[in-house]
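Read off the chains here:
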Amino acid sequence: MDEDHCDGGFLETGKADRSVWLMKCPVVVAKSWKSQAASSSDSQPVAKVVLSLDPRKPDDPSSLQFTMEMAGSETGNIPKSYSLNMFKDFVPMCIFSETSQGRVAMEGKVEHKFDMKPHEENIEEYGRLCRERTNKSMIKTRQIQVINNDRGVHMRPMPGMVGLISSNPKDKKKTTPVKQSDMKRTRRDRGELEHIMFKLFERQPNWALKQLVQETDQPAQFLKEILNELCVYNKRGTNQGTYELKPEYKKSVEDTGAE
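As the structure is a prediction and not an experimental result, all values here were calculated from the model.

### Observations concerning the overall build of the chain
Right, on to step 1. Counting secondary structure elements, the chain contains six helices and ten strands.
Right, on to step 2. Residue burial in the chain is summarised as follows: out of 259 residues, 24% are buried.
Right, on to step 3. When the accessible surface of the chain is summed, it comes to about 20100 Å², and 51% of that surface belongs to carbon and sulfur atoms.

In structure tokens:
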């Protein structure tokens, strides 16, 4: 037996020149064959192929007609007779097999390709089977289960997991821990916040918005509203991008500090 080295193992090529047929069959037929193979330990034929030839045109390929008859009586309401439409114009293909031990073998080259379909007299019955299969696939098998713990404790995210879990599988790789600056902040009383702001400007005369958000732990938009009333925003100069108190508030802060 000839053998070629393939991917660290051996590919058996003893049957490489054997001609094989490739057939596309309906799902109901494939399931029937699998069930028969699983239920019977003996290697019994599952179908019979019949070749019809017009003796008046022995050399005409179109005179060849292939049919298949399902063997056995356990096919139920599956059509037993099928037509095999043969194709010779297809991409060259080979058949390979692999055992459970990982042994790979070449079983042959595809000589003919067939499409299997029920005979015209069985096409209505086959259509009914297809409709039944479609209807079964549309039946919802999901069930609603009542949880005894109605407080939903087991469904709450664990501490530190907020923002880490995404309901969309495509977004799981993109999820990142929630930053402190992105978490929802609670607004303080307006008068209390103004008092805190004056204390901060006593410490230093110029503050950036980001610094004030960190110092006060307040929402940026709410903080801007207070800053627009109390401060001037420097658009240029050495203190560009910072806030400083308006002149009238600067004086009151200085007076308070002098007392």
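### Here's the deal with the packing of helix H3 (residues 190-203) against helix H5 (residues 220-230)
Right, on to step 1. At their nearest, the axes of H3 and H5 sit 11 Å apart, and the two run at 65 degrees to each other. Here H3 and H5 pass one another in a crossing that is right-handed. Contact residues: Arg190, Leu193, Glu194, Met197 and Phe198 in H3; Phe222, Leu223, Glu225, Ile226, Leu227, Glu229 and Leu230 in H5.
Right, on to step 2. Along the lines of polarity and charge, the residues of the contact of H3 with H5 split into eight nonpolar, no polar and four charged.

### Looking at H5
Right, on to step 1. All buried positions along H5 are accounted for by Phe222, Leu223, Ile226, Leu227 and Leu230. Seen end-on, H5 carries its buried residues on one side only, within an arc spanning 140 degrees. Across from the buried face of H5, at angles greater than 90 degrees, the exposed residues are Gln221 and Asn228.

### Quick notes on the pairing of strand S5 (residues 65-70)
Right, on to step 1. Of the strand pairs in this sheet, strand S4 (residues 47-52) and S5 are connected by six bridges, and their pairing is antiparallel. Note that in S5 the partner of Leu51 across the bridge is Phe66.

### Notes on the packing of aromatic side chains
Right, on to step 1. Taken as a whole, this structure holds four aromatic pairs when the rule is applied.
Right, on to step 2. Judged by centre distance (5.0 Å) and plane angle (55 degrees), the ring pair of Tyr233 and Tyr243 falls under tilted. Taken together, the positions of Tyr233 in strand S9 (residues 231-233) and Tyr243 in strand S10 (residues 243-245) put the pair ten residues apart, joining distant regions of the chain.
Right, on to step 3. In this structure Tyr233 comes out as partly exposed when scored by relative accessible area, which is 41%.
Right, on to step 4. The rings of Trp21, Phe66 and Phe114 are connected pair by pair, giving a single aromatic cluster.

### A word on H3
Right, on to step 1. Over its 14 residues, H3 extends 20 Å from the first C-alpha to the last, a length consistent with the 20 Å expected when each residue adds 1.5 Å.
Right, on to step 2. Along H3, the residues classified as buried are Leu193, Met197, Leu200 and Phe201. Buried residues along H3 cover an arc of 95 degrees about the axis, so they all sit on one side.
Right, on to step 3. For H3, the elements touching its buried residues are helix H4 (209-216), H5, S9 and S10.
Right, on to step 4. A side-chain oxygen of the first residue of H3 lies 3.1 Å from the backbone nitrogen of Gly191; this N-cap is Asp189.

Criteria and cut-off values
Residues numbered from 1 in each chain as written. Predicted model: local features only at pLDDT ≥ 70, side-chain atom pairs only at ≥ 80, totals over all residues. Heavy atoms only, no water. Helix = DSSP H or I, 4+ residues; strand = E, 2+ residues; numbered from the N terminus. Buried < 20%, exposed > 50% of the residue type's maximum accessible area, 1.4 Å probe, protein only. Areas by Shrake-Rupley, 256 points an atom, 1.4 Å probe, with all protein chains shown as cover. Axes fitted to C-alpha atoms, helices over the stretch in contact; angles between N-to-C directions. Left-handed = near helix turned anticlockwise from the far one by under 90°. Contact = heavy atoms within 4.5 Å. Nonpolar A, V, L, I, M, F, W, Y, C, P; charged D, E, K, R; others polar. Arc of directions from axis to C-beta. Pairing = 2+ DSSP bridges. Phe/Tyr/Trp six-rings, centres within 6.5 Å; stacked < 30°, edge-to-face > 60°. Expected span 1.5 Å × (residues − 1). Polar contact = N/O pair within 3.5 Å; in protein donor to acceptor, adjacent residues only side chain to side chain.

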